[in-house]
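Breakdown of the fold
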Amino acid sequence: MTWIAFEGGDGSGKSTQARLLAERLGAVLTREPGGTELGARVRELLLEPGSSIDERAETLLMAADRAQHVRQVVEPALVSGRHVVSDRSAFSSLAYQGYGRGLGVDEVRRICAWASGDRWPDLAVLLQVDPRQQRSRMRGAPDRMESSGDAFHARVAAGFVALASEDPDRWCVVDGSGSIDEVAGRVWDACQHWLG
């Protein structure tokens, strides 16, 4: 069984495409942060607009969510013979906290590996979308992470590209522009190729 994580910037279409792929595969659909009861509380803390959270505390909160998520959702689903599709994973911490916050990718990777028992997604699907299109897709008031500024989000985007380039056997990069159905078709083609 396979754990597939959707990655990319805010407004790239991860949540929609993760849901569609999970439906198509009959997979368990989940998300980070927020895929467990504990994770939902952590998510509220992390995304509350205007809240002040130290960058290292942010990383550790993500790790706490991840530890619970892997033990409670991901591993049991895989053991029971089901695919797992998640909206974000530890790779987002590498991009957001490692690259975006400047905490160092190697250090954040060690924290993520410890929290998850070194369990990483088998496949990461990076949805790439022009920043203007990403912003046009976002609804409502921006949360704390979305409000981090253009320079931060540019570092995150560059981080995702670097991660995908460093590990092409685990990552596939998909053009996230166009209609939902067009992107879903590209995602399905990429995943079929990867899954063999």
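Structure: above.
Here is what the cut-offs are and how they apply
- Within each chain, residue numbers correspond to sequence positions counted from 1 in written order.
- Where totals are concerned, whole chains, interfaces and linings use all residues; where local detail is concerned, this predicted model gives features only for residues with pLDDT of at least 70, and gives and counts side-chain atom pairs only at 80 or more.
- For the side-chain quantities, the full set of heavy atoms in the structure was used; hydrogens and water were omitted.
- Helix and strand labels come from DSSP, where a helix needs a run of H or I of at least four residues and a strand needs a run of E of at least two; each type is numbered from the N terminus.
- Each residue is assigned to one of three classes by its accessible area relative to the maximum for its type, calculated with a 1.4 Å probe on protein chains only: buried under 20%, partly exposed between the two thresholds, exposed over 50%.
- Any two strands are treated as partners once DSSP identifies two or more bridges connecting them.
- By the convention used here, residues are in contact when the closest approach between their heavy atoms is within 4.5 Å.
- Polar contacts, as counted here, are pairs of nitrogen or oxygen atoms within 3.5 Å of one another; within protein the pair requires one atom able to donate a hydrogen and one able to accept it, and residues that are adjacent in sequence qualify only if both atoms are side-chain atoms.
- As used in this record, nonpolar core signifies buried Ala, Val, Leu, Ile, Met, Phe, Trp, Tyr and Cys residues forming a set joined through side-chain atoms within 4.5 Å.
- Any two cysteine sulfur atoms within 2.5 Å of one another count as a disulfide.
- Comment: axis = line fitted to C-alpha atoms, over the contacting stretch for helices; angle = value between 0 and 180 degrees taken between N-to-C directions.
- Working definition: roughly parallel below 35 degrees, roughly antiparallel above 145 degrees, roughly perpendicular at 65 to 115 degrees, and oblique for all remaining angles.
- Should the near helix be turned counterclockwise from the far one by less than a right angle, the crossing is left-handed, whereas a clockwise turn marks it as right-handed.
- Following the grouping adopted for this structure description, the nonpolar residues are Ala, Val, Leu, Ile, Met, Phe, Trp, Tyr, Cys and Pro, the charged ones are Asp, Glu, Lys and Arg, and the polar ones are all others, Gly among them.

**Considerations on unusual backbone geometry**
- In the segment running from Glu-32 into Pro-33, the intervening peptide bond is cis, with an omega of -10°.
- Along the polypeptide, Pro-33 turns up in the loop between strand E2 (28-31) and helix H2 (37-47).
- Positive phi outside glycine occurs at Arg-88, with the angle close to 85°.
- Assignment of secondary structure puts Arg-88 in the loop between strand E3 (84-87) and helix H4 (90-100).
- A residue is classified by how much of its surface remains accessible, and Arg-88, at 11% relative accessible area, is buried.
- One non-glycine residue, Asp-118, lies in the positive phi region at around 60°.

**Details of the pairing of E3**
- Every second residue of E3 is oriented toward a common face, with Val-84 and Ser-86 on one face and Val-85 and Asp-87 on the other, all of them buried.
- Sheet topology places strand E1 (residues 3-7) next to E3; four bridges connect them, and they run parallel. Paired with Ile-4 across the strands is Val-85, a residue of E3.
- Where E2 and E3 come together, four bridges link them in parallel fashion. By the bridge assignment, Arg-31 is partnered in E3 with Asp-87.

**Section: the environment of Ser-86**
- Positionally, Ser-86 belongs in strand E3.
- The contacts of Ser-86, once residues within four sequence positions are left out, are Trp-3, Ile-4, Ala-5, Phe-6 and Thr-30.
- In terms of polar contacts, Ser-86 uses its side chain to reach the side chain of Trp-3, at 3.0 Å.

**Some remarks on the side chain of Thr-30**
- Its location among the elements puts Thr-30 in strand E2.
- A polar contact of 2.7 Å, which involves the side chain of Thr-30, links it to the side chain of His-69.
- Residues in contact with Thr-30, not counting those within four places in the same chain, are Gly-35, His-69, Val-73, Val-84, Val-85, Ser-86 and Asp-87.

**Thoughts on the nonpolar core**
- With 21 residues, the main nonpolar core has Leu-94, Tyr-96, Trp-120, Phe-160 and Trp-171 as its most contacted residues.
- Looking at this core, the elements with two or more residues in it are H4, helix H5 (105-116), strand E4 (123-128) and helix H7 (150-166).
- Not counting chain neighbours up to four residues away, the residues in contact with Trp-120 comprise Trp-3, Ala-90, Phe-91, Leu-94, Arg-109, Cys-112, Ala-113 and Arg-170.
- The next biggest cluster of nonpolar side chains, apart from the first, holds 17 residues, and it includes Ala-27, Val-85, Cys-172 and Cys-191.

**What to know about the state of the cysteines**
- If you walk through the whole model with that rule in mind, you get zero disulfides.
- Just so you know, Cys-191 is unpaired, no disulfide at all, and the nearest cysteine sulfur is the one on Cys-172, 5.3 Å from it.

**Quick word on the packing of helix H3 (residues 55-79) against H5**
- Contact pair H3 / H5: the axes reach a minimum separation of 8 Å and the direction vectors enclose 30°. As judged from the angle between their axes, H3 and H5 are roughly parallel. In the packing of H3 onto H5, the handedness of the crossing is right-handed. When H3 is examined against H5, the residues Arg-56, Thr-59, Leu-60, Ala-63, Arg-66, Ala-67, Val-70 and Arg-71 are found in contact with a partner set consisting of Glu-107, Val-108, Ile-111, Cys-112, Ala-115 and Ser-116.
- Of the residues contributing to the contact of H3 with H5, the split by class is eight nonpolar, two polar and four charged.

By themselves, these figures tell us nothing about what the structure is for.
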